[in-house]
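Chain residues, written in single-letter form:
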Amino acid sequence: MARNSKKIGRNEPCPCGSGRKYKQCCMKKTSDVAESLAEQYFRKHKIRLKSARDIEGIRTCGELVMATFDEVKKILVPGTTTEDINTVVHEFTVKHGATPAPLNYNGFPKSVCTSVNEVVCHGIPGPYVLKDGDIIDVDITSILNGYYADCNQTFFIGTPSSEAERLVDITRECLRRGKEMARPGNHIGDIGWAIQQFAESRGCSVVRELVGHGVGFDFHEPPEVPHFGRRGYGVKIVPGMVFTIEPMINLGKRQVRTLDDHWTVVTKDGSLSAQFEQTFVITENGCESLTPFDL
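As the structure is a prediction and not an experimental result, all values here were calculated from the model.

Colleague: Would you mind going over the environment of isoleucine 249 with me for this structure?
Modeller: Take isoleucine 249: it is sitting in strand β10 (residues 248–250). Isoleucine 249 gets classed as buried once you look at its relative accessible area, which sits at 0%. Each C-alpha atom, one on isoleucine 249 and one on glutamate 277, is 12 Å from the other, the two residues being 28 residues apart in sequence.

Colleague: Please clarify how helix α6 (residues 188–201) should be interpreted in this entry.
Modeller: Every α-helix winds through 3.6 residues per turn, so residues three or four apart in the chain are directed the same way. For α6, spanning 14 residues, the distance from its first C-alpha to its last is 21 Å, which sits close to the expected 20 Å at 1.5 Å a residue. With 10 of 14 residues buried, α6 lies mostly within the body of the structure. Within α6, the full set of buried residues consists of Ile188, Gly189, Asp190, Ile191, Gly192, Ala194, Ile195, Gln196, Phe198 and Ala199. Against α5 (162–181), β6 (205–206), β8 (221–225), β9 (242–245) and β10 lie the buried residues of α6.

Colleague: Help me understand the sheet that holds strand β3 (residues 119–121), please; the structure alone is not making it clear to me.
Modeller: If you walk across this open sheet you meet the three strands as β3-β12-β11, and the pairing is antiparallel. Looking at the sheet topology across the chains shown, the edges are occupied by β3 and β11 (256–258). Neighbour to neighbour, the strand axes of the sheet diverge by 40° on average, direction disregarded. The pairing of β3 with strand β12 (residues 265–267) spans two bridges and is antiparallel.

Colleague: Sorry if this is basic, but what is going on with the pattern of salt bridges here?
Modeller: Oppositely charged side chains are able to pair whenever their charged atoms sit close together. As enumerated under the stated definition, the model contains 13 salt bridges in all. Glutamate 288 is the partner of arginine 59 in a salt bridge, and the nearest nitrogen-oxygen pair spans 2.3 Å. A residue pair is termed long-range when its members are at least 10 positions apart, and arginine 59 in helix α3 (residues 52–73) and glutamate 288 in strand β15 (residues 287–289) qualify at 229 residues. With a shortest N-O distance of 2.4 Å, glutamate 180 and arginine 176 are connected by a salt bridge. Here the residue glutamate 180 and the residue arginine 176 both occupy positions in helix α5, the gap between them amounting to four residues, near one helical turn. Residue arginine 176 is classed as partly exposed on the basis of its relative accessible area, which comes to 27%. Salt bridges here are not isolated pairs; linked through shared partners, they connect Glu173, Arg176, Arg177 and Glu180.

Each value, and the rule that gives it
Residues numbered from 1 in each chain as written. Predicted model: local features only at pLDDT ≥ 70, side-chain atom pairs only at ≥ 80, totals over all residues. Heavy atoms only, no water. Helix = DSSP H or I, 4+ residues; strand = E, 2+ residues; numbered from the N terminus. Buried < 20%, exposed > 50% of the residue type's maximum accessible area, 1.4 Å probe, protein only. Expected span 1.5 Å × (residues − 1). Contact = heavy atoms within 4.5 Å. Pairing = 2+ DSSP bridges. Axes fitted to C-alpha atoms, helices over the stretch in contact; angles between N-to-C directions. Salt bridge = Lys/Arg side-chain N within 4 Å of Asp/Glu carboxyl O.

Interpretation note: all reported values are geometric properties and have no functional meaning in isolation.
Here it is, written out as structure tokens:
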């Protein structure tokens, strides 16, 4: 039997029998069914969901990033310069057929970010000599076979102060709590809410000027992932999203400033700042880290 191909007008009665106009009833539903979730998210949010093949590519890049961290850890002792860290990261990355993503990114002059003590992020490696009691955040992003993976960790140099230990423990826990909220059906705002609630309950503050981000096909993609916020706000989280969560937590006040090099961000009050970051893929039941370390 031939199918009736007559096009239904927007203002005609809906064929479902609801008594409502087609435009107010099933027209939108029909459109949504025809459009895949990936198409919807790109059209509405410019978010590119990743296929199974893409996720494996990011995972492989993430494995290289974590292997690079293993090399860096070997030299994180008093007397090492931040330039030494840059050398290790650059040489190891290139040796394994990858590219350091920070190098020449919008003019950034080095292959890794090294942020010491009151430096929140984007510290430029150079002649600074690490001292006993310093804390340093090392931020590594690599590009391998066209895929990006991004991770950072804060480390102690020698013996940390009790305040530094407390800050780093709180920051690590912030990332863990953010990760718990990164699951289908939740919203991006739920991640920031969980982080902010915990950090502030411990007397610390959350940097607001810098956020997590989508990653995988490029260094920075939608969505932005703030580390503060309200539950139920922001983009709904769905499988196939890949993004970083990277809370920057200050021991003092949350305000920051950027130095004259136009990159280095420091706390305004000179207080210590720490950060941890992983690249996560949203699965059907939760999320998986593609740059895993213990939380």
